[in-house]
Amino acid sequence: MINGFSKVTDAQRQQFRDEGYLIVRNTLGDDMIGRLIEAGDRLIATEERFNRYQTSDFYDGFRNCITMADAFIPLLTNEVTLPIVIQLLGSNLQLSTSHLIYRHPDPPGTPATVRRPGWHRDGGRTQLDLGQDNYPRLGLKCAFYLTDLSEPNSGVTMLAPGSNQLKERIEIADGETDPSNALEPLLNPGDCVIFEYRTWHAGAPNFTDITRKCVMIGYCYRWLKPMDYVKQDASFINKLGDIERYLVGEEVDETLEFQPQGGANPLHEWCDKHGIEQDRLGQ
């Protein structure tokens, strides 16, 4: 159920279009943050390898994490971020990825140039199959940060504003680590960064003594294949309401006939309720 609603301003829409990201403050309350950290800590402490994505001793996590602990499910329909996502991309959406990420502190002596991961775009094989110059806007991620990132070098996700519009690989000058306009957001627990898949980003070093903890919820258009799953398990789907079921790719009606518009969509009803013109969404 989506209860909240805040209309995206013209300035926000322009920023997302031109720079490829938005920072949204205070999307999670303290109780929710506590539940998410508890669930994340429990998963990271296990020896589980299914869906684990661990690239080093300092970067660990799980993909499709929304199915691994019930605490993650409310992020799918967060009442602050989902309305923004609908207004930016449209209502023909589904979950593309849910990614728990723990960025552990770097050991003493680690150079300031370390990036875990390095500069990249999201979107799986899109860049390989279509090329950088043909990469359209297909989705975005809501990165919910659970720990204090109010100081530099705390392991936050760095961004390159405007790189969502690039038609080639991002340019990093010889001898430099980052693009010239690299941004290192300073965030508090509960803040969320919404960024387009095409926006180049990288992981800043973590020179604190605190593990940076984050859950990224990615949305894409319903006619795309999700990155983390093909079909979710029935035991997970049975926990969900209609909007959540729809967002993980399930049909929410029993109509047998072919429907050119894709069938029932509870997000359309939400748009109608709030006076959102659906034919202008995502533009």
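Cut-off values and rules
Residues numbered from 1 in each chain as written. Predicted model: local features only at pLDDT ≥ 70, side-chain atom pairs only at ≥ 80, totals over all residues. Heavy atoms only, no water. Helix = DSSP H or I, 4+ residues; strand = E, 2+ residues; numbered from the N terminus. Disulfide = S-S within 2.5 Å. Buried < 20%, exposed > 50% of the residue type's maximum accessible area, 1.4 Å probe, protein only. Core = buried A, V, L, I, M, F, W, Y, C linked by side-chain atoms within 4.5 Å. Contact = heavy atoms within 4.5 Å. Phe/Tyr/Trp six-rings, centres within 6.5 Å; stacked < 30°, edge-to-face > 60°. Lys NZ or Arg CZ within 6 Å of the ring centre and 35° of its normal. Arc of directions from axis to C-beta. Polar contact = N/O pair within 3.5 Å; in protein donor to acceptor, adjacent residues only side chain to side chain. Pairing = 2+ DSSP bridges. Axes fitted to C-alpha atoms, helices over the stretch in contact; angles between N-to-C directions. Salt bridge = Lys/Arg side-chain N within 4 Å of Asp/Glu carboxyl O.

(A) Local environment of the environment of Cys271. Following the sequence through the fold, Cys271 ends up in helix α7 (residues 266-273). A sequence separation of 100 residues divides Cys271 from Glu171, and the C-alpha atoms of the two residues are 39 Å apart.

(B) The state of the cysteines, seen in detail. Inspection of the entire model under this criterion finds 0 disulfides. Not part of a disulfide, Cys142 finds its nearest cysteine sulfur in Cys192, a span of 4.6 Å. Judged by relative accessible area, which is 0%, Cys142 ranks as buried.

(C) Fine view of the nonpolar core. Membership of the largest hydrophobic core comes to 53 residues, with the highest contact counts inside it found for Phe72, Leu100 and Leu140. Broken down by element, this core gets its largest block of residues, 7 residues, from helix α2 (residues 30-44). Apart from residues lying up to four places away in sequence, Phe72 is in contact with Leu36, Ala39, Gly40, Leu43, Cys65, Ile66, Leu100 and Val215. Residues Ile101, Met158, Ala160 and Ala204 belong to the second largest nonpolar core, which totals 20 residues.

(D) Region of the structure containing the packing of aromatic side chains. In the structure shown here, the tally under the stated rule is 2 aromatic pairs. Here the aromatic rings of Tyr53 and Tyr59 are separated by 6.2 Å at their centres, their planes lie at 90 degrees, and the arrangement is edge-to-face. For Tyr53, a relative accessible area of 38% corresponds to the partly exposed category. Seen from their ring centres, Tyr221 and Trp223 are 5.4 Å apart, and the 5 degrees between their planes marks the pair as stacked. A residue is classified by how much of its surface remains accessible, and Tyr221, at 12% relative accessible area, is buried. The lysine or arginine in question, Arg222, covers the ring of Tyr246, its NZ or CZ lying 3.7 Å from the ring centre.

(E) Quick peek at α7. Those residues of α7 lying buried are Pro266, Leu267, Trp270 and Cys271. Here the buried residues of α7 occupy an arc of 150 degrees about the axis, which is enough to place them on one side. Relative to its buried face, α7 has exposed residues pointing more than 90 degrees away, namely Glu269 and Asp272. On its buried face, α7 sits against α3 (81-89), β3 (93-103) and α6 (242-247). For α7, the N-terminal capping position is held by Asn265, with its side-chain oxygen 2.8 Å away from the main-chain nitrogen of Leu267.

(F) Spotlight on the pairing of strand β4 (residues 139-145). By the criterion of burial, β4 is predominantly enclosed, with 7 of the 7 residues buried. The alternating pattern of β4 places Gly139, Lys141, Ala143 and Tyr145 and Leu140, Cys142 and Phe144 on opposite faces, both of which are buried. Summarising the sheet, β4 and strand β8 (residues 212-221) pair through 7 bridges and their orientation is antiparallel. Following the sheet pairing, Gly139 is matched in β8 by Cys220.

(G) Spatial organisation of the sheet that holds strand β2 (residues 59-63). Spatial strand order, β1-β6-β4-β8-β3-β2: 6 strands in an open sheet with antiparallel pairing. Here the strands that pair on one side only, and so sit at the sheet edges, are β1 (21-24) and β2. This sheet shows a mean twist of 20 degrees between the axes of neighbouring strands, independent of strand direction. Sheet topology note: the β1/strand β6 (residues 192-196) ladder contains 4 bridges and is antiparallel. Paired with Ile23 across the bridge in β6 is Val193. Across the sheet, helix α1 (residues 10-19) touches β1, β4 and β6, and the angle it forms with β1 is around 135 degrees.

(H) Structural context of the pattern of salt bridges. Under the counting rule described, the total for this entry stands at 12 salt bridges. Across the salt bridge formed by Asp41 and Lys213, the nearest N and O atoms sit 2.9 Å from each other. Linking Asp41 in helix α2 with Lys213 in strand β8, this pair joins segments that are 172 residues apart in sequence. Judged by relative accessible area, which is 32%, Asp41 ranks as partly exposed.

(I) Focus on the pairing of β3. Burial analysis of β3 places 11 of its 11 residues in the buried class, the great majority of the element. Bridging between β2 and β3 involves 5 bridges; their strand directions are antiparallel. Of the residues in β3, the one forming a bridge with Tyr59 is Arg103. Judged from the 10 bridges that link them, β3 and β8 form a sheet pairing that is antiparallel. The residue of β8 that forms the bridge with Ser98 is Ile217.

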